[in-house]
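Architecture at a glance
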Amino acid sequence: MSKSNFKFDTLKVRGGYRSSEHNEAVSVPIYQSTAFELGNTERAGRLFSFTDPDPIYTRLSNPTVAVLEERAALLDGAAGAIALGSGMAAVTYSLLNAAGKNGRILSTARLYGGSVDAFDKILPDFGVTVDFVEDADDPESFEKSIFPDTKAIYVEAVSNPNSAVTDLEAVAQVAHRHGIPLIVDNTLATPYLLNPIKFGADVVVYSATKALSGHGNVIAGLVLESGKFNWAGGKYPQFTKPLYFLRDSEDRERSILEVFPATPFTGRIRAIYLNYLGAALSPFDAYLILLGLETLSERVAKQVSNAEKLIRYLESKKDYVLWVKHPYAQNSPYRELAKKYLPKGAGSVFTFGFNGTPKQYAKFLNSVKLFSYHANIGDARSIIINSPTTTHAELTPEQRKQADLAPETIRISAGLEDDGDLIADLEQAFEKAYQ
Ligand code: PLP
């Protein structure tokens, strides 16, 4: 069953899977096969020109991965999805796909450090320039920084690590006024808390490494498309140019839009980037994400609740804590936006400012026992980390300032443990740091 009229909690368990197509297996089978029989030369021709979507070779597509893609699309109300080998592949392939040759991308400074680093270190090698808005909270600021060769706006719906909320509807309106798409990294919110396409996003990317899989055992990414953006408007020749390798049975060259009319964005990622840059997701990893998705709502709801309890605790520790950043923190400037975009909760990642010397800061982190100390987020286990010198270490001091990442910042990703145990762990670590 894959009907989109089912509700989220049904789709997360059953969406995209028809057991009758898989020997009636109850759990999605892992198709651990490199290649798939072509059958006959006529069928091979159809498969290799993408006329027939059946699997050929697991770098390009695979039945287990295809269930994940269909399920992910259903969860976000998307027209199509493609799964990739990492969140970074999802980010870079999407930006390359939209920018084409020598295009510009408009973005903000408040992003995952790896994404900002890719803007600097990889995209320019492909002729892509990234511009930054002056004020990510002001849609007018986006308007001012759009050039004739700007091909997309890229934002995080809820930012890593401070959980700043982007006014998606307003930014989408700016993008569409200029005939360009809005690409949204929705990793921190997950489709359980927010569906960016409902608010005008044209493309949604995920690091499925985080809460989507949720158990800290996989590296994966997803790109979804609304199917509504007009790629034929003249600004995006990469979608309209006839290509020899997409020729039909009469040898007529076809464009990406002709071959993938309903899902040109993810179709082009598959035919070009996945095909030639090759960040494919393994079927086993797709299976792990499918398992994780089955409990997405339950996990995220508890993680949001644990995050709120930790925030309240930290806010009560005035001597140790300078500030807390999360839409549910006291005086957060993102409360209203969170009410609109994230009514079920504003996510489980937040930061706080440690009030002490660098030595006490290190002592605190080294004294934490229950929290894991590593670079992931969205895991079933709670995680703590000193973001400025780890996950966001690539940022220059100026970029860190623009990203609102003070040196005293500590990031927490709330997991599923007992909240009292988590609070007791922070309490004993504070006591050790201030001894
Ligand atoms: N996007 C966001 C918001 C992230 O936090 C991360 C990783 O932390 C990525 C993308 C990259 O994902 P991955 O680590 O799966 O490559």
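Residues numbered from 1 in each chain as written. Predicted model: local features only at pLDDT ≥ 70, side-chain atom pairs only at ≥ 80, totals over all residues. Heavy atoms only, no water.

With that out of the way, let us pick up the site of the ligand. Lining the immediate environment of the ligand, one finds 13 residues, of which Met88, Asn160, Asp185, Ser207 and Thr209 sit closest. Within the contact set of the ligand, an oxygen atom lies 2.9 Å away from a backbone nitrogen or oxygen of Gly87. Between Lys210 and the ligand, the recorded distance is 2.9 Å, taken from a side-chain N or O atom to an oxygen atom. Computed on the free molecule, the ligand has an accessible area of 390 Å², of which 92% lies beneath the protein chains in the complex. Residues that form the shell around the ligand fall into these classes: 4 nonpolar, 6 polar and 3 charged. (Near = heavy atom within 4 Å. Polar contact = N/O pair within 3.5 Å; in protein donor to acceptor, adjacent residues only side chain to side chain. Areas by Shrake-Rupley, 256 points an atom, 1.4 Å probe, with all protein chains shown as cover. Nonpolar A, V, L, I, M, F, W, Y, C, P; charged D, E, K, R; others polar.)

The terminal C-alpha atoms of helix H4 (residues 87–99), which comprises 13 residues, lie 18 Å apart, in line with the 18 Å expected from a rise of 1.5 Å per residue. Taken across its 13 residues, H4 has 12 buried, putting it largely inside the fold. Every buried residue of H4 is listed here: Gly87, Ala89, Ala90, Val91, Thr92, Tyr93, Ser94, Leu95, Leu96, Asn97, Ala98 and Ala99. One side-chain oxygen of the residue at the start of H4 lies 3.4 Å from the amide nitrogen of Met88, identifying that residue as Ser86. Phi turns positive one or two residues past the end of H4, at Gly100, with a value near 60°. (Helix = DSSP H or I, 4+ residues; strand = E, 2+ residues; numbered from the N terminus. Expected span 1.5 Å × (residues − 1). Buried < 20%, exposed > 50% of the residue type's maximum accessible area, 1.4 Å probe, protein only.)

The subject of this paragraph is the environment of Thr190. As for its position among the elements, Thr190 is in helix H8 (residues 190–193). Sequence separation of Thr190 and Leu75 is 115 residues, and the distance between their C-alpha atoms is 9.7 Å. Not counting residues up to four positions away in its chain, the partners in contact with Thr190 are Tyr206, Ala211, Leu212, Leu296 and Val300. (Contact = heavy atoms within 4.5 Å.)

What follows covers the sheet that holds strand S4 (residues 150–156). For sheets, the rule is that strands pair by backbone hydrogen bonds, running either parallel or antiparallel. Taken in spatial order, the 7 strands line up as S1-S7-S6-S5-S4-S2-S3 in an open sheet, and their pairing is mixed. The outermost strands of the open sheet, each flanked by one partner alone, are strand S1 (80–84) and strand S3 (129–132). Each adjacent strand pair in this sheet contributes to an overall mean axis angle of 20°, direction not counted. Docked against the sheet, helix H11 (residues 264–276) engages S1, strand S6 (203–207) and strand S7 (221–225), running at close to 30° with respect to S1. (Pairing = 2+ DSSP bridges. Axes fitted to C-alpha atoms, helices over the stretch in contact; angles between N-to-C directions.)

Fair warning: the whole summary comes from geometry, so function is off the table for now.
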